[in-house]
Every structure is written in C-alpha cells, then in structure tokens.
Amino acid sequence: MSATEQTTFRLDYTPIPRHAGLLKAATVLATLMQVLDMTITNVALPHMQAALGASQDSISWVLTSYIIASAIAIPITGWLSNRIGRRRLYLWSVGGFIITSVLCGLAANIEQMVLFRLLQGITGAFLTPLAQTVLLDSTPPEKRGQAMAMFGMGVVLGPVMGPILGGVLTESMNWRWVFFVNIPIGALAFAGLWFLLPDVKRPARSLDLTGFALLAISLASFQLMLDRGEHADWFNSAEIWLEFLVSASSFWMFCVHIITTKNPLYSRTMLGNRNLLVGTVLMAALGMIMTAAMALLPIMLQGLFGYSVLDAGLLLATRGVGVLVMMGLTGRLAAKIDPRFLIFFGFAIVSFSFYEMTQWNLDVDWTTMSINGFIQGLGLGMLFVPITTMAFSTLSAHDRTDASGLLNLSRSIGASVGISLVVTMLARNTATSHADLITHLTPYRLWLDPYMLALSGDGVKTGLAMLNAEVMRQASMIGFLDDFYFMMWLALCAIPLALLVKRSPRTEDEPIVEIME
C-alpha cells in the first residue's frame, strides 16, 4: 500500500503513517538542509565575490535575497498546503530546493546568483513549517516532546554546523560545494518523503491577497532595513528611515485589515491563542540569542585569538554537543514536567553562561570557552522543545501549519534582528572603547613622549603602529564583552514570559480509528 492510500486515521482525520520513525528522519534531513544553507554560505562569500566579480555591496545580496524571499513566502504555507495538499507541497519544496541549490552552484555571475538565491529562499521557506506539522501529526500527544526534540536538533544544529562545514568545503574543495552539498541530503529526504509521507487535504480556503501583500511588504522592508543598516549608518540615512516607515505602516495596515476582514490570512482565533502568542515572542528571543552568539564567536575566535577555521569550528561544536544532550533529555521530560519550569531554567542557564563570558579576557583558554559553550548548549537545548510544545498545546489540528509558519517566521526575524544588533553594537562599542583607551596612553604612563618619537624614525613609527593595533585588539574584546552583557540581559528579560503560559491539561493518546477495506 502506498503512502497516499493510507487508511489509518486519528479522530481529527490525520493519517497515521507507517514507518513513522523513517518519516521523521526524512523530515529532519529536509529541515537540516534548509537551516544549514542559511549559514553555510557566510564563510564562502569572499570566495564568491572574487569568482563572480562582485562588489562588496552587491555580494551581500546573496544573503539578503534569500532571507527576504523566505520571509515573504512563509506566511502562505498554510494556504498552499490546503490548496494543493501537504504531500505535494512538501515534495515540490524539497525538489525545488535541490534544483535551485544546483543552479546557485553553477551561477556564472552575481545577477544569476541573486536570482537563484531568491528562488532558493522561496522553495526553502515551506520546509521547516511543513516538517514541524508532519512531526506533530504523526506523533501521539505524549510523545510530541520527543518529536519536537528531533525537529529542534535540525533547527539548532544547522547554525552550529554551517560555518564549520562551509569553511571545510571552501578550503578543501570549492565555494560551489556549499550548494552542491545539498544534493545528497536533499535526495535522501525526497526519497523518504516520496515513499512514506501520507497526503493530508483539508478544505481549501481563498487567499487573503491584501493581507498577504501588506505583510510581505512589511517583512521585505524590515529585512532590507536590517541588512542595509550597518552599511548606511542606520537612522542617519534617509534610506533606512524610508524602509522603517514602509515596514511600520504596512504592518499597521496589516493588523487593521486582519481584524476587520472576513477572510484573514491568519485565523483570528489562532492569533488570540495566548500560548501561541507567548511562544512566538519566546521563539523570537531564542532566535536572537542563538544566532547572534553564532555570528559573534567565529569573528572573535579567528580575529582576536588567531584560531583556524577548523579549530574555531571544533570549539563551537561543544555548544552543539550540549544542545544534543539536553534536547534529547528534554524531549522525554516534556510530557512529565511543566514546560514553564523548563523555559525558566533554560533561559537562566543561558543568561548565566553569558555572564561568565562577560568575565573573559584575551588570555582565556580553550578549555574555559569549551565548557562555557557546552553549558550554554544545555540551556539552549532545554528551551526549544517546551516552547514549541506549549505553543501548539491548545491549538486545533487545522491551525498547526499556519502556527508553525508563524513560529518559524518569528525565529527568523529574531535571528535577523539579533545579528544586526550585535554587529552594530560591536562596531560602535569597539570604536568608543578605542577612543577611551587612547586617552590613557600618556607620556607619563609610557615613560616616553610618543609624539616626539614619531618624528625620529621608521622603527619607532612601526612600534607605535603595533601599539595602536594592540589598543584596537583590547577595544575589540571590550566590544565583544558588551555584546555578551546585552545577551545576558535579553535572556533574563525572557524568563518572566514563561509565567504567561497557560498550562494545558495532560492529554492521553488520541483514539485511533482503523478503517477496514
């Protein structure tokens, strides 16, 4: 019997797949492929720039086009799933992502690359929400924590593995392989979904085109503002103000429209669900913390501490080990322990790890950083499962795909905001600290007059240049510590949100109806 002929259903008419374990593995592979691609290309950008003859400004569109396209497409995941069927949409998305990955690897110029990345972002946008929905639908309630742990491993490990794998592929082979690596992963995922994924067709609904257009404009403008902000000097630029006003006004009109229209893009009942709203905010905070840390640490390890790409990757892998250990444990405990406690302690552990990082200096050793990374991984691994399970705990089955898209959209926006904030703070605080430190380099402290010596020969000028480089190195470290301090407070501020979660009553496994032919 094929997957589409499945005749075993829950009372909510959700097909129960045979070989559910293999199906879950295929969905996790598809998720990992998509999440991995969001970070793996960062390492290869300088090599792409040289090969494609692109400018520094235009090469950034390789990342921007993907992020904007993905953000715009995610909100219509639920509508498309109802319209053409979840199985068909999932297979088309995986197949489309593989094809566009090949096209990106074959791109001959920057224009082709941006176009193919745009298409890749559209096809990849549906993979994560659909994976989350499939895992929830194919798992009984008391085991959904374990299913979300599997899903979370793909989501959380992608940003950890991306820079490592991207660096290895770029250095040992070619930058094009950061795209070609998706072929074997995608092929396995596609084969598993083709043979095992049952079809689920829910009543089709018309698309709220006005609401979708307003939300798309708001998201595109916001993502463009975040990407261009550092280059354009943020709100000192008319461009950033224009993008901000377009985003804010479009979002305001979207909110008014969704309250007043008869057929909104998102169900008002779903949007009024307290657990989903709190989960969306918590997921945005988790995205900010997780992605911002992964954006900062490679720069610090390679730029200040002189680590190679491989050594930095191995150090960052300790964070992934912590995530794996705790996520597997939390998946089993989610049905037995109040998720509010898990969320509380998860953010507390993450906050403590960032506090420890604020005590670092340029002499911190590998062991200290690896232990800290492992502890922070434990905290991150404790968060994803309870946030996801409690967000879906009071939702009906037909809202899961839309809710999953909303959660993943919030995580993506949080990640973009987090990266923009920490990068901007790093640049500005480094410059401020450099100016402050220079004021302490007086003749009295140095036992010499640097201004007089600067005129006495090239050797002294070289020495002064080295002195300035060391001041910049110390100022950069202060800038990183300020970012760690900011993320510590962000994690602390997220803790009280756990108190807003409405605990759902423990449910037994849904009854199963076997339809005999």
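Rules and cut-offs
- Residues numbered from 1 in each chain as written.
- Predicted model: local features only at pLDDT ≥ 70, side-chain atom pairs only at ≥ 80, totals over all residues.
- Heavy atoms only, no water.
- Helix = DSSP H or I, 4+ residues; strand = E, 2+ residues; numbered from the N terminus.
- Buried < 20%, exposed > 50% of the residue type's maximum accessible area, 1.4 Å probe, protein only.
- Contact = heavy atoms within 4.5 Å.
- Areas by Shrake-Rupley, 256 points an atom, 1.4 Å probe, with all protein chains shown as cover.
- pLDDT = per-residue confidence, 0-100.
- Phe/Tyr/Trp six-rings, centres within 6.5 Å; stacked < 30°, edge-to-face > 60°.
- Core = buried A, V, L, I, M, F, W, Y, C linked by side-chain atoms within 4.5 Å.
- Expected span 1.5 Å × (residues − 1).
- Patch = residues over 30% accessible without salt bridge, like charges linked within 9 Å, V, L, I, M, F, W, Y side chains within 5 Å.
- Salt bridge = Lys/Arg side-chain N within 4 Å of Asp/Glu carboxyl O.
- Axes fitted to C-alpha atoms, helices over the stretch in contact; angles between N-to-C directions.
- Parallel < 35°, antiparallel > 145°, perpendicular 65-115°, else oblique.
- Left-handed = near helix turned anticlockwise from the far one by under 90°.
- Nonpolar A, V, L, I, M, F, W, Y, C, P; charged D, E, K, R; others polar.
- Lys, Arg positive; Asp, Glu negative; His and termini not counted.

### Description of the overall build of the chain
Thinking step 1. Summing up its helical and strand segments, the chain has 21 helices and 2 strands in all.
Thinking step 2. Each of the 517 residues in the chain was classed as buried or not, and the buried ones make up 55%.
Thinking step 3. Intrachain contacts of the chain at a sequence separation of at least 6 include 83% that bridge at least 24 residues.
Thinking step 4. Surface exposure of the chain reaches about 22,600 Å², of which carbon and sulfur atoms provide 68%.

### Description of the confidence of the model for the chain
Thinking step 1. On average, residues of the chain score 78 in pLDDT, and 85% of them are at 70 or above.
Thinking step 2. Here strand E2 (residues 512-514) is the element of the chain with the lowest mean pLDDT, 33, and helix H5 (residues 86-106) is the one with the highest, 90.
Thinking step 3. Considering only residues more than four positions removed or in separate chains, one finds that residues 1-13, a stretch of pLDDT under 50, has 44 contacts.
Thinking step 4. Within the model, pLDDT remains below 50 along residues 506-517, and this stretch shows 27 contacts once partners closer than five positions in the same chain are excluded.

### Let's talk about the packing of aromatic side chains
Thinking step 1. Applying the stated criterion to the full structure yields 10 aromatic pairs.
Thinking step 2. Plain terms: the ring middles of Trp177 and Phe180 are 5.5 Å apart, the flat faces sit at 85 degrees to each other, and that makes the pair edge-to-face. Remark: Phe180 and Trp177 occur in helix H9 (residues 177-180); sequence separation between them is 3 residues, near one turn of the helix.
Thinking step 3. In this structure Trp177 comes out as partly exposed when scored by relative accessible area, which is 37%.

### Quick look at the nonpolar core
Thinking step 1. Judged by nonpolar contacts, the single largest core of 112 residues is most densely connected at Tyr90, Met300, Phe347, Phe354, Trp360 and Phe484.
Thinking step 2. For this core, the element with the highest residue contribution is helix H14 (residues 274-303), accounting for 16 residues.
Thinking step 3. Leaving out residues up to four positions away in the same chain, Met300 has contacts with Phe305, Trp360, Met369, Met477, Phe480 and Phe484.
Thinking step 4. With 20 residues, the next largest nonpolar core counts Ile40, Ala54, Ile59 and Cys104 among its residues.

### Some words on helix H4 (residues 77-84)
Thinking step 1. Summarising burial for H4: 7 of the 8 residues are buried, a large majority.
Thinking step 2. Inspection of H4 places Thr77, Gly78, Trp79, Leu80, Ser81, Asn82 and Ile84 among the buried residues, and these make up the whole buried set.
Thinking step 3. Looking at the buried side of H4, the elements it contacts are helix H3 (61-73), H5, helix H7 (127-137) and helix H18 (400-438).
Thinking step 4. A positive phi of about 100 degrees marks Gly85, the residue just after H4.

### Describing H3
Thinking step 1. Over its 13 residues, H3 runs 18 Å from end to end, which matches the ideal 18 Å to within 8%, given 1.5 Å per residue.
Thinking step 2. Burial runs high along H3: 10 of the 13 residues are buried.
Thinking step 3. All of the buried residues along H3 are Val62, Leu63, Thr64, Ser65, Tyr66, Ile68, Ala69, Ser70, Ala71 and Ala73.

### Topic: a nonpolar patch on the surface
Thinking step 1. A cluster of nonpolar side chains, namely Leu115, Leu118, Leu119 and Ile122, defines an oily patch on the protein surface of about 300 Å² accessible area.
Thinking step 2. Within the secondary structure layout, Leu118 lies in helix H6 (residues 110-125).
Thinking step 3. Relative accessible area serves as the criterion here: at 34%, Leu118 is assigned to the partly exposed category.

### Digging into the packing of H5 against H7
Thinking step 1. Interhelical geometry of H5 versus H7 gives an angle of 140 degrees and a closest axis separation of 10 Å. When the interaxial angle is binned, H5 and H7 end up oblique. In this structure, H5 meets H7 at a crossing whose hand is left-handed. Taken together, the residues of H7 that come into contact with H5 (itself represented by Arg86, Leu89, Tyr90, Ser93, Val94 and Phe97) are Leu127, Leu130, Ala131, Thr133, Val134 and Asp137.
Thinking step 2. In the contact of H5 with H7, the residues fall into 8 nonpolar, 2 polar and 2 charged.

### Details of the packing of H14 against helix H17 (residues 366-392)
Thinking step 1. Two elements in contact, H14 and H17, have axes separated by 10 Å at closest approach and are oriented at 160 degrees. The pairing of H14 with H17 is recorded here as roughly antiparallel in orientation. The element H14 and its partner H17 pack so that their crossing is left-handed. Residues Asn275, Leu276, Val278, Gly279, Leu282, Met283, Leu286, Ile289, Met290, Ala293, Met300 and Leu301 of H14 form the contact with H17, whose own contacting residues are Met369, Gln376, Leu380, Leu383, Phe384, Ile387, Thr388, Met390 and Ala391.

### Remarks on the environment of Leu481
Thinking step 1. Tracing the chain through its elements places Leu481 in helix H21 (residues 458-494).
Thinking step 2. The exposure class of Leu481 is buried, given its relative accessible area of 17%.
Thinking step 3. Taking the C-alpha atoms as reference points, Leu481 and Asn361, 120 residues apart in sequence, are found 8.7 Å from one another.
Thinking step 4. Ignoring sequence-local partners within four residues, the contact set of Leu481 consists of Met357, Thr358 and Trp360.

### Notes on the side chain of Asp483
Thinking step 1. Positionally, Asp483 belongs in helix H21.
Thinking step 2. Buried charge without a partner: Asp483 forms no salt bridge, and the closest opposite charge is Arg428, 11 Å away.
Thinking step 3. Not counting residues up to four positions away in its chain, the partners in contact with Asp483 are Leu296, Val422, Met425 and Leu426.

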